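Residues per chain, in single letters:
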Amino acid sequence: MSTFPESVNEQIGYEFAASQQYIAIAAYYDAQTLPQLAAHFYRQAVEERNHAMMMVQYLLDADEEVVVPGVEAPQTQFEDAVAPVSLALAQEKRVTTQIVELVKLAREEGELVGEQFLHWFLQEQREEVASMTELLAVVERGKDNLLHVEEHLGRAAPDGASPLEAGAPPVAGGAL
Ligand SMILES: [Fe+2]
Ligand SMILES: [Fe+2]
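Residues numbered from 1 in each chain as written. Chains lettered and ligands numbered in written order. Predicted model: local features only at pLDDT ≥ 70, side-chain atom pairs only at ≥ 80, totals over all residues. Heavy atoms only, no water.

Caption draft 1: Examining a negative patch on the surface more closely. Taken together, the side chains of Glu6, Glu10, Asp63, Glu64, Glu65, Glu108 and Glu109 define an acidic patch exposed on the protein surface. Tracing the chain through its elements places Glu6 in helix H1 (residues 4-31). Note on Glu6: relative accessible area 42%, which makes it partly exposed. (Patch = residues over 30% accessible without salt bridge, like charges linked within 9 Å, V, L, I, M, F, W, Y side chains within 5 Å. Areas by Shrake-Rupley, 256 points an atom, 1.4 Å probe, with all protein chains shown as cover. Salt bridge = Lys/Arg side-chain N within 4 Å of Asp/Glu carboxyl O. Lys, Arg positive; Asp, Glu negative; His and termini not counted. Charge placed at Lys NZ, Arg CZ, Asp CG, Glu CD. Helix = DSSP H or I, 4+ residues; strand = E, 2+ residues; numbered from the N terminus. Buried < 20%, exposed > 50% of the residue type's maximum accessible area, 1.4 Å probe, protein only.)

Caption draft 2: The coordination of the iron ion (ligand 2), seen in detail. Every protein donor of the iron ion (ligand 2) is accounted for by Glu48 (OE), Glu92 (OE), Glu92 (OE) and Glu128 (OE), and the metal-donor separations fall at 1.8 to 2.4 Å. Here the iron ion (ligand 2) binds 4 donor atoms, and the angle range of 55 to 144° at the metal identifies the geometry as irregular. Between consecutive donors of the iron ion (ligand 2), the numbers of intervening residues give the motif E-x43-E-x35-E. Taken as a pair, the iron ion (ligand 2) and the iron ion (ligand 1) lie 3.4 Å from each other and share Glu48 as a ligand. Here Glu48 is found in helix H2 (residues 35-61), whereas its partner Glu92 is found in helix H3 (residues 83-108), with 44 residues between them in sequence. Judged by relative accessible area, Glu48 falls into the buried class, the value being 1%. (Donors = N, O, S within 2.8 Å, 3.2 Å for Na, K, Ca; no water. Tetrahedral: all angles 85-135°; square planar, octahedral: opposite > 155°, others 65-115°.)

Caption draft 3: Examining the coordination of the iron ion (ligand 1) more closely. Every protein donor of the iron ion (ligand 1) is listed here as Glu15 (OE), Glu48 (OE) and His51 (ND1), and their distances to the metal cover 2.1 Å. Coordination of the iron ion (ligand 1) draws on donor residues from a single chain, spaced E-x32-E-x2-H in sequence.

Caption draft 4: Fine view of the packing of H3 against helix H4 (residues 112-141). The contact between H3 and H4 brings their axes to 9 Å, and the two run at 165°. Comparing the axis directions of H3 and H4 gives the class roughly antiparallel. The chirality of how H3 crosses H4 is left-handed. Class assignment for the residues of the contact of H3 with H4 results in 17 nonpolar, 5 polar and 5 charged. (Axes fitted to C-alpha atoms, helices over the stretch in contact; angles between N-to-C directions. Parallel < 35°, antiparallel > 145°, perpendicular 65-115°, else oblique. Left-handed = near helix turned anticlockwise from the far one by under 90°. Nonpolar A, V, L, I, M, F, W, Y, C, P; charged D, E, K, R; others polar.)

Caption draft 5: Region of the structure containing the packing of aromatic side chains. A complete count under the given rule lists 8 aromatic pairs for this structure. Measuring from ring centre to ring centre gives 6.1 Å for Phe4 and Tyr58, while their planes differ by 80°; the resulting arrangement is edge-to-face. One end of the pair, Phe4, is in helix H1; the other, Tyr58, is in helix H2, and 54 residues separate them in sequence. Pair check on accessibility: Phe4 and Tyr58 agree, each one buried. Both rings, one in Trp120 and one in Phe121, keep their centres 5.1 Å apart while their planes meet at 90°; by these two values the pair is edge-to-face. Accessibility classification places Trp120 together with Phe121 in one group, the buried group. Taken together, the aromatic side chains of Phe4, Tyr58, Phe117, Trp120 and Phe121 make up a single cluster linked through ring pairs. (Phe/Tyr/Trp six-rings, centres within 6.5 Å; stacked < 30°, edge-to-face > 60°.)

Caption draft 6: Structural detail: the side chain of Ser19. Along the chain, the position of Ser19 falls in helix H1. Excluding residues that lie within four positions of it along the chain, Ser19 makes contacts with Ala45, Glu48 and Arg49. (Contact = heavy atoms within 4.5 Å.)

What follows is the structure in structure tokens.
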């Protein structure tokens, strides 16, 4: 069984894999001239990269070894415009399970500082699962005319930082 720091290192790989998957999804929509969908996933890719780098900073602060795991190539081909969002939602749900398992491991090992670090990620996952669920509903409703989805995303563009950003853990090298 992995120790808590080893598991945090594994999670760094999962966060980078999520980032790569979102770049692949963004490029897929960009190639179809769906700029709002593309922009949404380009932003998500940067967020996932920042998550990975928060974990790097945590390991540095804890004086633990930093491993930067290689990642599997993302899926780049999709049967229709709904499939990438379904994949993204499944990915967010999987990451939620991974973070929950990390929290449990931190508790078992008495790594309370590590557990506290992860609390922000639990909140973040709640938000990401909720917003991806919403996006899936929007894309399913608009799949016959994706310009409706583009209009919706254009209107719903975030006009400020999420309240979660204020309490976010520090990012190694600075947040992008
Ligand atoms: Fe993440
Ligand atoms: Fe995420």
